[in-house]
Every structure is written in structure tokens, then in C-alpha cells.
Amino acid sequence: MQARGIRAATLALVFAALGTAGTAAAQERREGKRGDLNVFLRGGVGDYTGDLGDLTSTGPAWGVTLNVQPTTFLGFELGYEGSRNGITDSRLLDTPSLVRQGGSALVKVSPPFLTAIRPFVGAGLGVTYVDVRGGVLDDLYQSDTVPEVPLAAGVEFNRGALTAGIRTTYRVLLSEGWADGAVNDADGGLLDASLTLGARF
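Residues numbered from 1 in each chain as written. Predicted model: local features only at pLDDT ≥ 70, side-chain atom pairs only at ≥ 80, totals over all residues. Heavy atoms only, no water.

A. A look at a nonpolar patch on the surface. There is a patch of nonpolar side chains on the surface, built from Leu37, Val39, Leu41, Trp62, Val64, Leu66, Val68, Phe76, Leu78, Tyr80, Val107 and Phe201 and spanning about 990 Å² of accessible area. Looking at the nonpolar patch, the elements that each hand over two or more residues are β1 (37-48), β2 (59-68) and β3 (74-86). No other element matches β2, which puts four residues into the nonpolar patch. One can find Leu41 in strand β1. (Patch = residues over 30% accessible without salt bridge, like charges linked within 9 Å, V, L, I, M, F, W, Y side chains within 5 Å. Areas by Shrake-Rupley, 256 points an atom, 1.4 Å probe, with all protein chains shown as cover. Salt bridge = Lys/Arg side-chain N within 4 Å of Asp/Glu carboxyl O. Helix = DSSP H or I, 4+ residues; strand = E, 2+ residues; numbered from the N terminus.)

See below:
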């Protein structure tokens, strides 16, 4: 009788645990419906690093991003981004600038089951067009298309239909053709920090 009672109690606990887990999973799915799709704006500042940073000044950075979040720990982003940085080369009499516009795709990973406050890291691929504007010498700087590898880290704050966050992105530049005439074998990337604000659906 005692063994039978223990088995019955064990089975009751198993069914109760399964029921609780099922209820929690269903609740997570219901809550997860809002937030599977995010659209947000980005605004901040950025500058080039390394040899390229010696030739440029810090300037504004901006963008708009579509984020798809199929699970709490995996997300995908597709975005447009731009930036503007001055050229500080002392060989130039004028003050030209670099206006960068392009797009990127990013895969993001977050700790599982965190939705209200979601830290993340991400990596992806992008391509931008760097437009050299102003009075410059063609043999120093030229407009160019630049492939990039964006590496991002940040945290998102989600509540109801709203999302906000802070992030930093370092872009590994696979080409520095726009500065080939200004410095030999230039190295460097593009680093920016931005705030995000948008809506969840």
C-alpha cells in the first residue's frame, strides 16, 4: 500500500509539473506574440579607427532597422544605416566629408527567456557606399563601395508595444579604397554607439 501510494503521488507530481510547464510555455507563447517583429530608429555618433581615424572626425550616425525575433534567444535584423564624418587631412584646404549609406543583415543571440530586458551580441554582413563630398583631390580620396562585417553588442528594453535600447557596433571594413590615395595600406574600422527607439508587433 505504501509503495502504491508513493507511485500515485509521484505520478500526480509528474502530471502537475507537466501541466505547469505547459501553462508556462503557453503563456510565454502568448506574451511572445508581441515582440516577434520590431521596427526601430537608431541615432548616435561614430568614427573610424586605426589609420582611418587619423584622417577623420567624429560625426552623426543614423539608421532604421527591422528585427524579427522567432525565439527569445535568436533574432535577425535587416537595416539601413548612414553616417557622416569630416576629413581632417592637413593636406586639404577645404573641409570635405564622408557620407556613408548602405545596408546590413545581422544575426543576434540573447540569453534565453529574457524578453523585458534583452542583452545581445550579433554579427553579419553589409555593404555601404562612401561618398566623398567637398573640395578634395581625386588622387587622395575617392568615393567607393565598401563591404563590411558588422559586430554588435547592446541591450534592449521591451515593454508592451514599445522597444528602446543602446548598442555599439564595430564594422570591420573589407575595403578602404576611398582612402587608398591618402595613406598606404590603411587599416581601421568604423565604430559607433547609438540609441534605439521603436515599436513591437
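B. Quick look at the packing of aromatic side chains. Evaluated as defined, the whole model comprises zero aromatic pairs. Looking at Lys108, its charged tip hangs above the ring of Phe120, at a distance of 4.6 Å from the centre. (Phe/Tyr/Trp six-rings, centres within 6.5 Å; stacked < 30°, edge-to-face > 60°. Lys NZ or Arg CZ within 6 Å of the ring centre and 35° of its normal.)

C. Geometry of the environment of Val172. The topology assignment puts Val172 in strand β7 (residues 162-173). On the accessibility criterion, Val172 (32% relative accessible area) is partly exposed. Sequence separation of Val172 and Pro147 is 25 residues, and the distance between their C-alpha atoms is 8.7 Å. Dropping the residues within four chain positions of it, Val172 is found in contact with Pro147, Glu148, Val149 and Leu151. (Buried < 20%, exposed > 50% of the residue type's maximum accessible area, 1.4 Å probe, protein only. Contact = heavy atoms within 4.5 Å.)

D. Looking closely at the nonpolar core. Ranked by internal contacts, the top residues of the largest apolar core, which has 17 residues, are Tyr48, Leu52, Ile87, Leu98, Val130, Tyr141 and Trp178. Here Ile87 is in contact with Leu55, Thr56, Leu92, Pro96, Ser97, Leu98, Val132 and Tyr141, once residues within four sequence places are set aside. (Core = buried A, V, L, I, M, F, W, Y, C linked by side-chain atoms within 4.5 Å.)

E. View of the pattern of salt bridges. With the rule as written, the count across this model stands at twelve salt bridges. Between Glu156 and Arg167 there is a salt bridge; the shortest N-O distance is 4.0 Å. In this pair, Glu156 sits in strand β6 (residues 144-159) while Arg167 sits in strand β7, placing the two residues eleven residues apart along the sequence. Residue Glu156 shares its accessibility class with Arg167, and that shared class is buried.

F. Spotlight on the environment of Gly103. With respect to the helices and strands, Gly103 occurs in strand β4 (residues 97-109). As for Gly103 and Thr128, which are separated by 25 residues in sequence, their C-alpha atoms are 6.3 Å apart. Not counting chain neighbours up to four residues away, the residues in contact with Gly103 comprise Gly79, Tyr80, Glu81, Gly126, Val127 and Thr128.

G. Fine view of unusual backbone geometry. One non-glycine residue with positive phi stands out, namely Phe113, at about 70°. Overall, the relative accessible area of 66% leaves Phe113 in the exposed class.

H. Spatial organisation of the pairing of strand β5 (residues 117-133). Pairing analysis gives 13 bridges linking β4 to β5, with the strands arranged antiparallel. Opposite Ser104, over in β5, you have Gly126 as the bridge partner. (Pairing = 2+ DSSP bridges.)

I. Quick peek at the confidence of the model for the protein. Overall, the prediction assigns the protein a mean pLDDT of 83, with 80% of residues at 70 or greater. Within the protein, no element has a lower average pLDDT than helix α1 (residues 2-33), which sits at 46, and none a higher one than β2, at 97. Every residue in residues 20-33 scores below 50 in pLDDT, and together they form three contacts with partners more than four places removed in sequence or on other chains. (pLDDT = per-residue confidence, 0-100.)

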